[in-house]
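# A structural walkthrough
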There are 2 protein chains.
Amino acid sequence: MQVTELQTLRDTIDHLDEDIVALIAKRFAVTHQVGVLKAQNGFDAVDPSREKLQMARYDKLAGQYGLNADFIRQVFRGLIDEVVLNHKAIAADIGGR
Amino acid sequence: MQVTELQTLRDTIDHLDEDIVALIAKRFAVTHQVGVLKAQNGFDAVDPSREKLQMARYDKLAGQYGLNADFIRQVFRGLIDEVVLNHKAIAADIGGR
């Protein structure tokens, strides 16, 4: 019975993982639009003031959801680093800089 | 106008980020249950065969959602490592091993 219980919990985790991947995909679709807008207007791919606001917000969200703030920062640091790489590639394509 | 457009996109990103944090919190709630079940039954915190299945699934999901598979693996590697730490702490608390 406990093996069935374990499998049920794992199925739930697998569904949540797909939901997380789907949200990450949505996030990259929106950040792609940001990248195009930045490149078209000659804005830099990195925006330290925006990142500072985001990091403060992640700390707050981690607190609200009872999660380890360092871990949540690490997750979004990885996402933002990937976005910056994408934005630099978009800027190179558009030739804005 | 483009500054407004940028702000609108950033607001969307902020909402998606909260949804991502909420899903991560749900995922940790479920993996906590898995940790208790494992500790109660004397199962090891690390399960290489389950991890292998998960990694294959993340590659498939990355493909389905048009995302960089290495990046998606990295996100979930971070999540799973955090879960394993939690499971070891639960096992130590319950005294199963």
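Attention here is on the structure that accompanies the text. The structure presented is a predicted model; accordingly, all values stated were derived computationally and were not measured.

Rules used in this analysis
- Residues numbered from 1 in each chain as written.
- Chains lettered and ligands numbered in written order.
- Predicted model: local features only at pLDDT ≥ 70, side-chain atom pairs only at ≥ 80, totals over all residues.
- Heavy atoms only, no water.
- Core = buried A, V, L, I, M, F, W, Y, C linked by side-chain atoms within 4.5 Å.
- Buried < 20%, exposed > 50% of the residue type's maximum accessible area, 1.4 Å probe, protein only.
- Helix = DSSP H or I, 4+ residues; strand = E, 2+ residues; numbered from the N terminus.
- Contact = heavy atoms within 4.5 Å.
- Phe/Tyr/Trp six-rings, centres within 6.5 Å; stacked < 30°, edge-to-face > 60°.
- Expected span 1.5 Å × (residues − 1).
- Polar contact = N/O pair within 3.5 Å; in protein donor to acceptor, adjacent residues only side chain to side chain.
- Buried area = accessible area lost by both parts, 1.4 Å probe.
- Salt bridge = Lys/Arg side-chain N within 4 Å of Asp/Glu carboxyl O.
- Nonpolar A, V, L, I, M, F, W, Y, C, P; charged D, E, K, R; others polar.
- Axes fitted to C-alpha atoms, helices over the stretch in contact; angles between N-to-C directions.
- Parallel < 35°, antiparallel > 145°, perpendicular 65-115°, else oblique.
- Left-handed = near helix turned anticlockwise from the far one by under 90°.

## Some remarks on the nonpolar core
Membership of the largest hydrophobic core comes to 52 residues, with the highest contact counts inside it found for I24, L67 and I72 of chain A together with I24, L67, I72 and F76 of chain B. Elements supplying a minimum of two residues to this core: α1 (2-40), α2 (48-64) and α3 (69-94) of chain A together with α1 (2-40), α2 (48-64) and α3 (69-94) of chain B. Apart from residues lying up to four places away in sequence, F76 of chain B is in contact with D17, I20 and V21 of chain A together with R27 and Y58 of chain B.

## Things to note about the packing of aromatic side chains
Counted according to the given criterion, the structure contains 4 aromatic pairs over all chains. Arranged with centres 5.6 Å apart and planes meeting at 75°, the rings of F28 of chain A and F71 of chain B form a pair that is edge-to-face. Highlighted residues: F28 of chain A in helix α1 and F71 of chain B in helix α3, drawn from two different chains. Residue F28 of chain A is classed as buried on the basis of its relative accessible area of 13%. Take F71 of chain B: its relative accessible area is 3%, and that puts it in the buried class.

## Here's the deal with the environment of H87 of chain A
All names here are of chain A. Of note, H87 is situated in helix α3. With a relative accessible area of 5%, H87 lands in the buried category. Separated by 41 residues in sequence, H87 and V46 have C-alpha atoms that sit 8.4 Å apart. The residues contacting H87, other than those within four sequence positions of it, are T31, V34, G35, K38 and A45.

## So, α3 of chain A
The α-helix advances 3.6 residues per turn, and as a result positions three or four apart in sequence lie on the same side. Its 26 residues give α3 of chain A an end-to-end C-alpha distance of 36 Å, which sits within 8% of 38 Å, the value for a rise of 1.5 Å per residue. Looking one or two residues past α3 of chain A, G95 of chain A carries a phi angle of roughly 80°, positive in sign.

## Some thoughts on the side chain of D17 of chain A
Relative to the assigned elements, D17 of chain A resides in helix α1. On the basis of relative accessibility, which here comes to 0%, the residue D17 of chain A falls in the buried class. A polar contact is formed between the side chain of D17 of chain A and the side chain of R27 of chain B, at a distance of 2.5 Å.

## Topic: the interface of chain B and chain A
Counting residues at the interface gives 46 residues for chain B and 46 residues for chain A. The junction of chain B with chain A conceals about 4,700 Å² of combined surface from both sides, 73% of it contributed by carbon and sulfur atoms. Across the salt bridge formed by R27 of chain B and D17 of chain A, the nearest N and O atoms sit 2.5 Å from each other. The set of elements that each furnish at least two residues to the side of chain B that touches chain A consists of α1, α2 and α3 of chain B. Top contributing element to the side of chain B that touches chain A by residue count: α1 of chain B, with 27 residues. Split into classes, the residues belonging to the side of chain B that touches chain A amount to 24 nonpolar, 9 polar and 13 charged.

## Things to note about the environment of Q40 of chain A
All names here are of chain A. With respect to the secondary-structure elements, Q40 resides in helix α1. Residue class for Q40 comes out exposed when judged on its relative accessible area of 52%. Note: C-alpha distance between Q40 and G95 (55 residues apart in sequence) is 8.7 Å.

## Brief notes about the packing of α1 of chain A against α1 of chain B
With their axes 9 Å apart at the nearest point, α1 of chain A and α1 of chain B run at an angle of 165° to one another. Taken together, the axis directions place α1 of chain A and α1 of chain B in an arrangement best described as roughly antiparallel. Here α1 of chain A and α1 of chain B pass one another in a crossing that is left-handed. Classifying every residue of the contact of α1 of chain A with α1 of chain B gives 20 nonpolar, 8 polar and 14 charged.

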